[in-house]
Amino acid sequence: FTAAHVLAATAGVCAAFEVVDSRFRPKAPTPEDGTADNGSHGYAVIGARLVPVMGLDLASLNVRLEINKQVKGAGTGANIAGNPAHAVAALAHHQPLKAGEIILTGSVSGAFPIHAGDEVRAVFDQLGEVTLKVT
C-alpha cells in the first residue's frame, strides 16, 4: 500500500484529536507500555465536517492545539510520518482496514496534560476545529 492508495480509498478527513489515558501512572509510559495498553487510547474527539481529500495537501496542513486558550503545540501534517497518508499506508501493511473505519493518524503537536475544568481546542486549516471541555 502507498499513500496514493490510501488517498484514493479515503472518503474524507476531519478535525480530530485523541485524549491519551494510560494506566501507567505516575511514571510516563514507555513505547512498550503504550503498545501493551493499546496505545494508551482514552477518547477521540472527532469533528462533524468530513472534507474530501482531493485538493488537500495533508503534509502542509497547519494544526494548533490550545488548552484554556493558550497555544500548547502546533505543527503540520508532515509531523506524521512526512504525511498522514504514509502513516495509514504503514498501518495497512500490518492490519486489514475496513471501509468506514475512523483512523487517527498520529499527533502533529505532541501530548499535554489536561485536568478537570480544562478546555482543549484543536484548530485545523481547511478542516475546522474541535473542542472538548474536560469534566
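Computed from a prediction, not measured in an experiment: that's the story for all the values here.

> Teacher, can you tell me more about the environment of Ala-9 here?
By the element assignment, Ala-9 lies in helix α1 (residues 3-9). In this structure, the C-alpha to C-alpha distance between Ala-9 and Val-53, residues 44 residues apart in sequence, is 9.9 Å.

> Would you take a moment to explain the environment of Leu-7 for this structure?
Turning to its location among the elements, Leu-7 is positioned in helix α1. In this structure Leu-7 comes out as partly exposed when scored by relative accessible area, which is 34%. Each C-alpha atom of the pair Leu-7 and Val-53 lies 6.8 Å from the other, and the pair is 46 residues apart in sequence. Here Leu-7 is in contact with Val-53, Leu-58 and Ala-85, once residues within four sequence places are set aside.

> Just checking my understanding: could you explain helix α3 (residues 84-94) for this structure?
Three- or four-residue spacings in an α-helix give side chains the same orientation, since the helix completes a turn every 3.6 residues. Within α3, the full set of buried residues consists of Pro-84, Ala-85, Ala-87, Val-88, Ala-89 and Ala-92. In this structure Asn-83 caps α3, since a side-chain oxygen of it lies 2.9 Å from the backbone nitrogen of Ala-85.

> Would you mind going over the sheet that holds strand β3 (residues 62-67) with me for this structure?
Sheets are built from strands that pair by backbone hydrogen bonding, the pairs being arranged parallel or antiparallel. Spatially, β4-β3-β5-β6 is the arrangement adopted by the four strands of the open sheet, whose pairing is antiparallel. The two strands at the open ends of the sheet, each matched to only one other strand, are β4 (70-76) and β6 (128-133). Direction aside, the axes of adjacent strands within the sheet are offset by 15° on average. Bridging between β3 and strand β5 (residues 119-124) involves five bridges; their strand directions are antiparallel. Residue pairing in the sheet places Ile-67 in a bridge with Val-120 of β5.

> Please clarify how a nonpolar patch on the surface should be interpreted in this entry.
On the surface, a nonpolar cluster with roughly 260 Å² of combined accessible area is contributed by Ile-46, Ile-102 and Leu-104. Structurally, Ile-102 can be placed in the loop between α3 and β5. Note on Ile-102: relative accessible area 61%, which makes it exposed.

> Even after reading the chapter, I still don't get the confidence of the model for the protein, so can you show me in this structure?
Low pLDDT means the predicted atomic positions in that stretch should not be read closely. Overall, the prediction assigns the protein a mean pLDDT of 87, with 85% of residues at 70 or greater. The least confident element of the protein, judged by mean pLDDT, is helix α2 (residues 31-36) at 54; the most confident is β3 at 97.

> Which parts of the structure should I look at to understand the pattern of salt bridges?
Two side chains bearing opposite charge may form a pair once their charged atoms approach each other closely. Within this structure, the stated rule accounts for three salt bridges. Where Glu-66 meets Arg-64, a salt bridge forms, and the shortest distance between an N and an O atom there is 2.8 Å. With a relative accessible area of 8%, Glu-66 lands in the buried category. In this structure, the salt-bridge partner of Arg-121 is Glu-66, at a minimum N-O distance of 3.0 Å. Here Arg-121 is found in strand β5, whereas its partner Glu-66 is found in strand β3, with 55 residues between them in sequence. Residue classification places Arg-121 among the partly exposed positions, given a relative accessible area of 23%.

How each quantity is defined
Residues numbered from 1 in each chain as written. Predicted model: local features only at pLDDT ≥ 70, side-chain atom pairs only at ≥ 80, totals over all residues. Heavy atoms only, no water. Helix = DSSP H or I, 4+ residues; strand = E, 2+ residues; numbered from the N terminus. Buried < 20%, exposed > 50% of the residue type's maximum accessible area, 1.4 Å probe, protein only. Contact = heavy atoms within 4.5 Å. Polar contact = N/O pair within 3.5 Å; in protein donor to acceptor, adjacent residues only side chain to side chain. Pairing = 2+ DSSP bridges. Axes fitted to C-alpha atoms, helices over the stretch in contact; angles between N-to-C directions. Patch = residues over 30% accessible without salt bridge, like charges linked within 9 Å, V, L, I, M, F, W, Y side chains within 5 Å. Areas by Shrake-Rupley, 256 points an atom, 1.4 Å probe, with all protein chains shown as cover. Salt bridge = Lys/Arg side-chain N within 4 Å of Asp/Glu carboxyl O. pLDDT = per-residue confidence, 0-100.

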